[in-house]
Amino acid sequence: MLTIKCSKCKTKLLKYQKLGSGKVLKCHKSRIKRTYKLEKDLEDYRCKCGNFIGRDEGSFIKMYEQGFIYTGTKE
Ligand SMILES: [Zn+2]
(Lines give C-alpha, C1' and ligand atoms only; values in the text may rest on other atoms or scores of the structure.)
Protein backbone atom coordinates (compact mmCIF):
# COMPACT_ATOMS: atom_id res chain seq x y z
CA MET A 1 0.00 0.00 0.00
CA LEU A 2 1.23 3.49 -0.83
CA THR A 3 0.58 6.63 1.15
CA ILE A 4 0.49 9.52 -1.31
CA LYS A 5 1.35 12.95 0.05
CA CYS A 6 1.44 16.47 -1.30
CA SER A 7 4.91 17.36 -2.64
CA LYS A 8 4.60 20.89 -1.24
CA CYS A 9 3.12 20.67 2.25
CA LYS A 10 3.50 16.87 2.81
CA THR A 11 -0.11 16.46 3.85
CA LYS A 12 -1.43 12.91 3.43
CA LEU A 13 -3.79 12.71 0.47
CA LEU A 14 -4.69 9.10 -0.08
CA LYS A 15 -3.90 5.46 0.45
CA TYR A 16 -3.51 3.57 -2.77
CA GLN A 17 -3.00 -0.07 -3.60
CA LYS A 18 -0.42 0.08 -6.40
CA LEU A 19 0.01 -3.06 -8.47
CA GLY A 20 3.32 -3.59 -10.24
CA SER A 21 6.61 -1.77 -9.85
CA GLY A 22 6.01 0.95 -12.44
CA LYS A 23 5.60 4.67 -11.89
CA VAL A 24 2.48 6.03 -10.28
CA LEU A 25 0.89 7.58 -13.35
CA LYS A 26 -2.72 6.80 -12.57
CA CYS A 27 -4.66 6.03 -9.42
CA HIS A 28 -7.51 3.69 -10.21
CA LYS A 29 -10.43 4.71 -8.04
CA SER A 30 -11.29 1.10 -7.20
CA ARG A 31 -7.88 0.73 -5.54
CA ILE A 32 -7.96 3.97 -3.55
CA LYS A 33 -8.50 2.67 -0.05
CA ARG A 34 -8.77 5.93 1.80
CA THR A 35 -8.75 9.63 1.04
CA TYR A 36 -7.64 12.36 3.40
CA LYS A 37 -7.31 16.03 2.46
CA LEU A 38 -7.79 15.59 -1.25
CA GLU A 39 -10.08 18.25 -2.70
CA LYS A 40 -11.84 18.24 -6.02
CA ASP A 41 -12.50 21.33 -8.12
CA LEU A 42 -14.34 20.39 -11.32
CA GLU A 43 -12.02 17.79 -12.88
CA ASP A 44 -8.94 18.79 -10.90
CA TYR A 45 -7.77 17.19 -7.70
CA ARG A 46 -5.79 19.43 -5.39
CA CYS A 47 -4.29 19.31 -1.96
CA LYS A 48 -5.90 21.67 0.56
CA CYS A 49 -2.82 23.92 0.05
CA GLY A 50 -3.81 24.35 -3.61
CA ASN A 51 -1.10 22.14 -5.09
CA PHE A 52 -2.32 20.33 -8.21
CA ILE A 53 -2.35 16.55 -7.78
CA GLY A 54 -4.13 15.15 -10.80
CA ARG A 55 -7.10 15.11 -13.09
CA ASP A 56 -10.28 13.06 -12.97
CA GLU A 57 -10.48 10.70 -15.94
CA GLY A 58 -13.54 8.75 -14.87
CA SER A 59 -12.38 5.44 -13.46
CA PHE A 60 -8.97 6.79 -12.51
CA ILE A 61 -7.09 9.93 -11.54
CA LYS A 62 -4.35 10.90 -13.98
CA MET A 63 -1.60 11.86 -11.55
CA TYR A 64 0.63 14.90 -11.96
CA GLU A 65 4.13 13.62 -11.21
CA GLN A 66 5.46 16.82 -9.66
CA GLY A 67 2.43 17.19 -7.41
CA PHE A 68 2.98 14.32 -5.02
CA ILE A 69 5.42 12.06 -3.25
CA TYR A 70 4.75 8.66 -1.74
CA THR A 71 5.94 6.16 0.82
CA GLY A 72 5.12 2.49 1.22
CA THR A 73 5.35 -0.55 -1.00
CA LYS A 74 4.00 -1.50 -4.39
CA GLU A 75 2.45 -4.95 -4.78
ZN1 LIG B 1 -0.34 20.47 0.00
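Please read these numbers as outputs of a predicted model, since none were measured by experiment.

(A) Just the pattern of salt bridges, in detail. A complete count under the given rule lists five salt bridges for this structure. Among the ionic pairs, E65 bridges to K23, the shortest N-O distance being 3.5 Å. With E65 in the loop between β8 (60-63) and β9 (68-72) and K23 in the loop between β2 (12-16) and β3 (26-28), this pair connects stretches of sequence that are 42 residues apart. When its relative accessible area of 42% is taken as the criterion, E65 is described as partly exposed. For R55, the salt bridge goes to D44, with nearest N and O atoms at 3.2 Å. A residue pair is termed long-range when its members are at least 10 positions apart, and R55 in strand β7 (residues 52-56) and D44 in strand β6 (residues 44-47) qualify at 11 residues.

Rules behind the numbers
- Residues numbered from 1 in each chain as written.
- Predicted model: local features only at pLDDT ≥ 70, side-chain atom pairs only at ≥ 80, totals over all residues.
- Heavy atoms only, no water.
- Salt bridge = Lys/Arg side-chain N within 4 Å of Asp/Glu carboxyl O.
- Helix = DSSP H or I, 4+ residues; strand = E, 2+ residues; numbered from the N terminus.
- Buried < 20%, exposed > 50% of the residue type's maximum accessible area, 1.4 Å probe, protein only.

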